[in-house]
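Commentary on secondary and tertiary structure
So you can see what is in the structure, the chains are spelled out below.
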Amino acid sequence: MIGGAIKAARHRRIDMALRIAAAVPLNYVLTSLVTVLLARLLPGGPAQSALGATLLSFLLFALVAMAAFAVRSGWRFALGMVAAGAAIGALDWALLVQAGRL
């Protein structure tokens, strides 16, 4: 009985550590990739689109950080963030190769 309680407590600590990792460093990487993508896709000049993308990135960062603690599974959320980051990073790379810098 005590072994099960210790195992459950260890599982909760690992899940919380994973959620914290998803809420801060993974979130930072994902938000920066989305910001680069938005800066390229938003209309207007380079300065205006970069400013608009940066302003939207603050909202995105806060929403993803809250979602990291609201979801049922921290593992699925972290894997989803990694998959989304890989897809958005590939799209950023393709746009960089195609059109060059801003």
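For the structure given in this document, a descriptive report is provided here. (Residues numbered from 1 in each chain as written. Predicted model: local features only at pLDDT ≥ 70, side-chain atom pairs only at ≥ 80, totals over all residues. Heavy atoms only, no water.)

Some points on the overall build of the protein
How we decide: In this description a helix means any DSSP run of H or I spanning at least four residues, a strand means any run of E spanning at least two, and both kinds are numbered starting from the N terminus. With C-alpha atoms as the basis for the radius of gyration, the globule rule is written as 2.2 Å multiplied by the number of residues raised to the power 0.38. For every residue, the accessible area obtained with a 1.4 Å probe (protein chains only) is divided by the maximum for its type, and the residue is called buried under 20%, exposed over 50%, and partly exposed between those limits. The contact definition used throughout considers only heavy atoms, calling two residues in contact when any of these lie within 4.5 Å.
When helices and strands are tallied, the protein shows 3 helices and 0 strands. Taken from N to C terminus, the helices and strands of the protein fall in the order α-α-α. The C-alpha radius of gyration of the protein comes to 18 Å, more than 25% above the 13 Å expected for a compact globule of 102 residues. When the backbone C-alpha atoms are referred to their principal axes, the protein occupies close to 65 × 25 × 15 Å. For the protein, with 102 residues in total, the buried portion stands at 26%. For the protein, the proportion of contacts with a sequence separation of at least 24, taken over those separated by at least 6, is 77%.

What to know about helix α3 (residues 74-99)
Rules: To estimate how far a helix should reach, multiply one less than its number of residues by 1.5 Å.
The terminal C-alpha atoms of α3, which comprises 26 residues, lie 37 Å apart, in line with the 38 Å expected from a rise of 1.5 Å per residue. Those residues of α3 lying buried are Gly 74, Phe 77, Ala 78, Met 81, Gly 85, Ile 88, Asp 92 and Leu 95. The inward-facing, buried residues of α3 abut α1 (2-41) and α2 (46-70). Two residues or fewer past α3, Gly 100 is found with a positive phi of approximately 80 degrees.

With respect to a positive patch on the surface
For clarity, the cut-off: Patch construction takes residues with relative accessible area above 30% that form no salt bridge. Like charges are linked within 9 Å, and nonpolar side chains (Val, Leu, Ile, Met, Phe, Trp, Tyr) are linked within 5 Å. Note that accessible areas follow from Shrake-Rupley with a 1.4 Å probe, and for residues the cover is restricted to the protein chains shown. The salt bridge definition used is simple: a Lys or Arg side-chain nitrogen within 4 Å of an Asp or Glu carboxyl oxygen. In this charge count, Lys and Arg are treated as positive and Asp and Glu as negative; neither His nor the chain ends contribute. Where a charge sits is defined by one atom per residue type, namely NZ (Lys), CZ (Arg), CG (Asp) or CD (Glu).
There is a patch of like positive charges on the surface, built from Lys 7, Arg 10, Arg 12 and Arg 13. The topology assignment puts Arg 13 in helix α1.

With respect to the side chain of Arg 19
Our working rule: Polar contacts here mean pairs of N or O atoms no more than 3.5 Å apart (in protein, one a potential hydrogen donor and the other a potential acceptor; neighbouring residues in sequence count only if both atoms are side-chain atoms).
By the secondary structure assignment, Arg 19 is in helix α1. Looking at Arg 19, its side chain comes within polar contact range of the main-chain oxygen of Val 71, at 2.9 Å. What Arg 19 contacts, discounting residues up to four positions off in sequence, is Ala 68, Phe 69, Ala 70, Val 71, Arg 72, Ser 73 and Gly 74.

Details of α2
In this model α2 runs 36 Å from its N-terminal to its C-terminal C-alpha over 25 residues, within 8% of the 36 Å that 1.5 Å per residue would give. Of the positions making up α2, those classed as buried are Ser 49, Ala 53, Ser 57, Val 64, Ala 65 and Ala 68. Residues of α2 that are buried in the fold lie against α1 and α3.

Considering the environment of Leu 38
On the secondary structure map, Leu 38 appears in helix α1. When its relative accessible area of 27% is taken as the criterion, Leu 38 is described as partly exposed. Put simply, Leu 38 and Ser 49 are 11 residues apart on the chain and 7.5 Å apart in space, counted from C-alpha to C-alpha. Those residues in contact with Leu 38 that lie beyond four places of it in its chain are Ala 53 and Leu 56.

A closer look at the packing of α1 against α2
Heads up, the condition is: Fitted lines through C-alpha atoms give the axes, limited to the stretch in contact for helices. The angle between two N-to-C directions lies from 0 to 180 degrees. Comment on the angle field: the value is read as roughly parallel under 35 degrees, roughly antiparallel over 145, roughly perpendicular from 65 to 115, and oblique elsewhere. Here a crossing is taken to be left-handed if its near helix is turned anticlockwise relative to the far helix by less than a right angle, and right-handed if that turn runs clockwise. Note on residue classes: Ala, Val, Leu, Ile, Met, Phe, Trp, Tyr, Cys and Pro are nonpolar, Asp, Glu, Lys and Arg are charged, and everything else, Gly too, is polar.
It is at 8 Å that the axes of α1 and α2 come closest, and there the two elements cross at 160 degrees. In terms of orientation, α1 and α2 fall into the roughly antiparallel class. When you trace α1 past α2, the crossing you get is right-handed. For the contact of α1 with α2, a count of residues per class yields 19 nonpolar, 6 polar and 1 charged.

Distances and angles like these do not, on their own, reveal function.
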